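Coordinates in review
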Amino acid sequence: MAEPEVSSAAAGGGGRLRNAFGGVLCAFALLLIGVLAFSIRLFSVIKYESVIHEFDPYFNFRVTQFLSKNGIYEFWNWFDDRTWYPLGRVIGGTVYPGLTLTAGTIWWLLNSLNIPLSVETVCVFTAPIFSANASWATYLLTKEAKGTGAGLMAAAILAMVPSYISRSVAGSYDNEAVAIFALIFTFYLYVKTLNTGSLFYATLNALSYFYMVCSWGGYTFIINLIPMHVLLCIVTGRYSSRLYIAYAPLVILGTLLAALVPVVGFNAVMTSEHFASFLVFIILHVVALVYYIKGLLTPRLFKVAMTLVISVGLAVCFAVVAILVALVASSPTKGWSGRSLSLLDPTYASKYIPIIASVSEHQPPTWPSYFMDINVLAFLIPAGIISCFLPLSDASSFMVLYLVTAVYFSGVMVRLMLVLAPAACILSGIALSEVFGVLTRSMKTHLSKLFDDSPAASGDSSPESSSSSVNTDSTKSENRTEKTETAPKEKPSKKNRKKKEVAESVPVKPKKEKRLLVLPFELSVMGILLLIVLGGFYVVHCVWAAAEAYSAPSIVLTSRSRDGMHVFDDFREAYAWLSHNTDVDDKVASWWDYGYQTTAMANRTVIVDNNTWNNTHIATVGTAMSSPEKAAWEIFNSLDVKYILVVFGGLVGYPSDDINKFLWMVRIGGGVFPHIKEPDYLRDGQYRVDAQATPTMLNCLMYKLCYYRFVETDGKGFDKVRGYEIGKKHFKLTHFEEVFTTHHWMVRIYKLKPQRNRVRGKLKKLKSNAKTSPALAAGRKKNPWQ
Amino acid sequence: MAAPRHLAALPLFLASVSLLALAAAGAEDEGPRGRRLLVLLDDLAVRSSHSAFFGSLQARGFDLDFRLADDPKLSLHRYGQYLYDGLVLFAPSTPRFGGSVDQNAVLEFIDAGHDMILAADSSASDLIRGIATECGVDFDEDPEAMVIDHINYAVTDVEGDHTLIAGDDLIQSDVILGSKKIEAPVLFRGIGHVANPSNSMVLKVLYASPSAYSANPKTKLASPPSLTGSAISLVSVMQARNNARVLVSGSLDLFSNRFLKSGVQKAGSKARHERAGNEQFVTETSKWVFHERGHLKAGNVKHHKVGETNEPGMYRINDDLEYSVEIYEWSGTSWKPYVADDVQVQFFMMSPYVLKTLSTDKKGLYSTSFKVPDVYGVFQFKVEYQRLGYTGLSFTKQIPVRPYRHNEYERFIASAYPYYTASFSTMGAFFIFSFVYLYHK
């Protein structure tokens, strides 16, 4: 840490040269890190194709297309009549526009430079580009806290941390792709302002915060974390004018700017997520006033004034808090949105909001997912925390606070692992850099002792003799470049724990007793070798994760079997069928997961989509899916639905199909329409569709649409996902007709039959039994389309 | 329509003469239905015994094709095209049709939008009963039963078994029975049927008096008859959802020359009519069945903002708009403006937000104007017009309604002036304060 400064201070002219050399090396390393961050995310394009992934990216892509075609004002005022039929959706006012505007700007820029890239290409590569930016921002942030070495280390680690890769591979065109960059950059500017006390950086900070607000709902993390840090600084007696400059402009400018984003609007001052920042803003001013008065008055007078101010201040505070509490309590959800509440109380969502709980990425993560997503960093973090305390500065305390809160949030919701990843990278970078620093230094000391005995006696960490310093400096920079290339390679081995302990214990010493700094030469060499091995493991894991685990676009699936690779392209097959065989204004109903894809790929109107803003509408679709055929027909007909799309994995063993999601449809539907009761679909509390399943389950629309004619495939109706034979094999559909089933039966499309043209009289068979006819007639009354 | 086809078909002229003739026939009148009828008979004698009815059809321009019901060459369609526009099924006792025709073929013919007159009598076969049942009409299950009325029978020379009924309980509908009231009773001898009262598509046109019942006239009544009173329908019509019309009569004799020409005197009534009402009845109902009356057509649906003429792709909330539609009625020879004061339009999104009665200019144009509600979403202009005897009109037009654009709100709000003042005065005060603080030492 801070080695360049030390060496430049030590040696004048030669130092300047070395400094320049170091700067060039550093810039080169950063360039390589950027290339690495970009290229490690291209596996998806190489292994599959240049295509938009998953669900939400399709919506973002569609919005970007609209933006590039119609311009920003049309985008701002876009009322989309092709989703949420018949309610429609005001896209301009409900979308975080940051990502779209970013990609739109890139596209516009490239086109005005006569580089004719398609919008899709730009969208696909936005995420890799921004992950390179994010790793540079990480460098800047860590550099502010712990110097260039740690910065490069952290940047290299972040460039390939699997957690971030999972959200930013090429094609994963989602808000998080740019938001993580914005998050880190905002933190950098905050720390930079804190370190410099410059109003210029404070203004930049507010602008960067604005970009973050534009990009992602996760901006509330920033606007809560920074006040927490400010409060921490105040409490620990670290108040300074720099802190004031870093915070006060951010709150005022940031809030004003945030209110400009249509989707945030008045939420920026009206929801509880933002209250913490205002409260801290007040406290900060009170503290500033106290310091000001303290400077004016004599200690005795100050004491008197202090008691006065504290009593008045407390009274005012209580009044304000009481008003706030009253205001907040008057709203039904206490001013907190459901997603934020589930952050604070992890059981909240599963208790009250099935629609939030039904999303897999809103579930708490499992322990293996930590290892999968941040790998060895999990073990390096404690070392990083310790080195942050040596010495504790404003910046390093911010890192620790960031880490601690991020760990908590990642434990609540698996997708917030993404917020943890930068913190983990920064702290691991700090830790590794410290360890490398200590080890190389002790090696250097031994080497110089070996070459000439005299300087070693001084025992100084920065050698004074110019010849050796040139030597060591070059080795140092070599080491550093080596680090940057090998840093990506950490991997967990059991030894690295010991290593860390060494690392932890070592940096403690340098300040107090410099003699203890020097480790035995062999130990240092071993340590460095082991660290390189650790880094190697990390790189191998990251590359594997990028190549195998996180690159699947999820609209094209592959499976390996004995006879080679098998590609399942059923989704696009189905959407293409819809776009070629149905009328432009036809409405397609499906569970909301497939809404974005249907509008983007099939260009058909959908009833519900992944923007789950209207629970009732989703519950209506859920109810229809869990109802018997006739009731479902009525619901769908009232929504002008013409086609129904279900995803069925039973034939090929695709586990995330509609039958597996079905219980959520029942829950969400039952939450609004109480005649749908979850126990009706469960046999002894167990969800099953085999012969033991309840009649309600076997008669509901979802079961019928998924398993219609399924028995014809193998004669038994064996469901490969559930692993048993289905309960009801032979049945006919009366109100729906199958119009299309994809190659592997993964997507099945049905059409609503029109009402019967005629109404039949009595059934012939019942002719002999005249007495039944009135009952029959009464029964038919309810069913005029029979 | 005929001319281009004529040119294109020139090389095949000879081969396609008949086709051309048909096409030309279809083109010369632009009515809702064509005029080719297939008449299926049990016995060719019916052709002469019912010649008055057939004659009236032919006089109105219909082209009748008489075939025996079991003609082996019988076919309703060829090369995917229907050969006929309507069917007269005067073959009550036929057990099955010849050629490719069966019960399903007849029903598909109706579902394709064609019309049918079906007459049964006491010898009705299962086939005929089956077709009737599919149309929502159930004949008495007892194959021997006939409708008997000991009070409202027609007086005849010989004291009969009171199965010749003089019916005068007719549906009150000028559309179905014509505007001229049928004065004389309608003679009926045959079997009764019932229609499910919840089935809104079937109408009883001629129904029995409360004293009627359905039983075997040749035997004593062992048990109470299952069909009694005015629940028994003698002649019913059914209009399917696709506006195909079907007339079901329990009596083939109703259409016969004998009944059409004979006089009638209702038992217990002094009035004797020279002619039974049958002729007028069958003529008028057949006009209705073959869409010579009561067929509405709507078109030229237009909507636009008040003061504009072009149809927008989208409205804004609180826009004022005008909606218009033209509705015509087929009079048998030409399309006449339809005049009514109960046509309504809904501005509909899951439920009607606006429901307005359209005003007419008596020339077929219906129009109204209203304000778009303060709700955005995908709306529909929806007209659902179902009136007794008329074909149903049901058409929708989808139109999205958007919220205000960002620059369509009021720019300066009077009630916000305190806020404007506050913010500008604060800015001014801050500027003065900074100035004083910095330069006034």
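Up top is the structure.
Residues numbered from 1 in each chain as written. Chains lettered and ligands numbered in written order. Predicted model: local features only at pLDDT ≥ 70, side-chain atom pairs only at ≥ 80, totals over all residues. Heavy atoms only, no water.

Let us look at the overall build of chain A. Looking only at helices and strands, chain A has 36 helices and 13 strands in total. For chain A, the proportion of contacts with a sequence separation of at least 24, taken over those separated by at least 6, is 74%. (Helix = DSSP H or I, 4+ residues; strand = E, 2+ residues; numbered from the N terminus. Contact = heavy atoms within 4.5 Å.)

The next subject is the packing of helix α11 (residues 199-215) of chain A against helix α12 (residues 219-235) of chain A. Residue and element names in this part refer to chain A. For the pair α11 and α12, interaxial distance at closest approach is 8 Å and the crossing angle is 140°. Taken together, α11 and α12 sit at an angle that is classed as oblique. Where α11 abuts α12, its residues Y209, M212 and V213 lie against Y219, I222 and I223. (Axes fitted to C-alpha atoms, helices over the stretch in contact; angles between N-to-C directions. Parallel < 35°, antiparallel > 145°, perpendicular 65-115°, else oblique.)

Turning our attention to the sheet that holds strand β19 (residues 315-316) of chain B. Paired through backbone hydrogen bonds, the strands of a sheet run either parallel or antiparallel to each other. Residue and element names in this part refer to chain B. With mixed pairing, 5 strands are arranged side by side in an open sheet as β19-β27-β26-β22-β23. Edge strands, defined here as strands with exactly one partner in the open sheet, are β19 and β23 (351-357). One ladder, built from 3 bridges, connects strand β22 (residues 344-349) with strand β26 (residues 377-385); its direction is antiparallel. Of the residues in β26, the one forming a bridge with F348 is Q380. (Pairing = 2+ DSSP bridges.)

A word on the layout of surface pockets. Estimated volume of the second largest pocket: approximately 1200 Å³. Around the second largest pocket sit 37 residues that line it, and N637(A), Q755(A), R241(B), E384(B) and S394(B) are the ones nearest its centre. Broken down by class, the residue content of the lining of the second largest pocket amounts to 12 nonpolar, 13 polar and 12 charged. (1 Å grid on protein atoms, 1.4 Å probe; cavity = no way out; pocket = protein on both sides within 12 Å on 5 of 7 lines; lining within 4 Å. Points joined across faces, edges and corners; volume = space filled by probe spheres on them. Nonpolar A, V, L, I, M, F, W, Y, C, P; charged D, E, K, R; others polar.)

All right, on to helix α23 (residues 417-451) of chain A then. Since the α-helix turns once every 3.6 residues, residues separated by three or four places project in the same direction. The terminal C-alpha atoms of α23(A), which comprises 35 residues, lie 49 Å apart, in line with the 51 Å expected from a rise of 1.5 Å per residue. Of all 35 residues in α23(A), 30 are buried; the element is thus mostly enclosed. (Expected span 1.5 Å × (residues − 1). Buried < 20%, exposed > 50% of the residue type's maximum accessible area, 1.4 Å probe, protein only.)

Residues and elements named next belong to chain A. If you trace the 5 strands from one edge of the open sheet to the other, you get β6-β5-β7-β13-β12, paired in mixed fashion. In this open sheet, the two edge strands, each paired with only one partner strand, are β6 (605-606) and β12 (736-741). Of the strand pairs in this sheet, β12 and strand β13 (residues 747-752) are connected by 5 bridges, and their pairing is antiparallel. Paired with E738 across the bridge in β13 is Y750.

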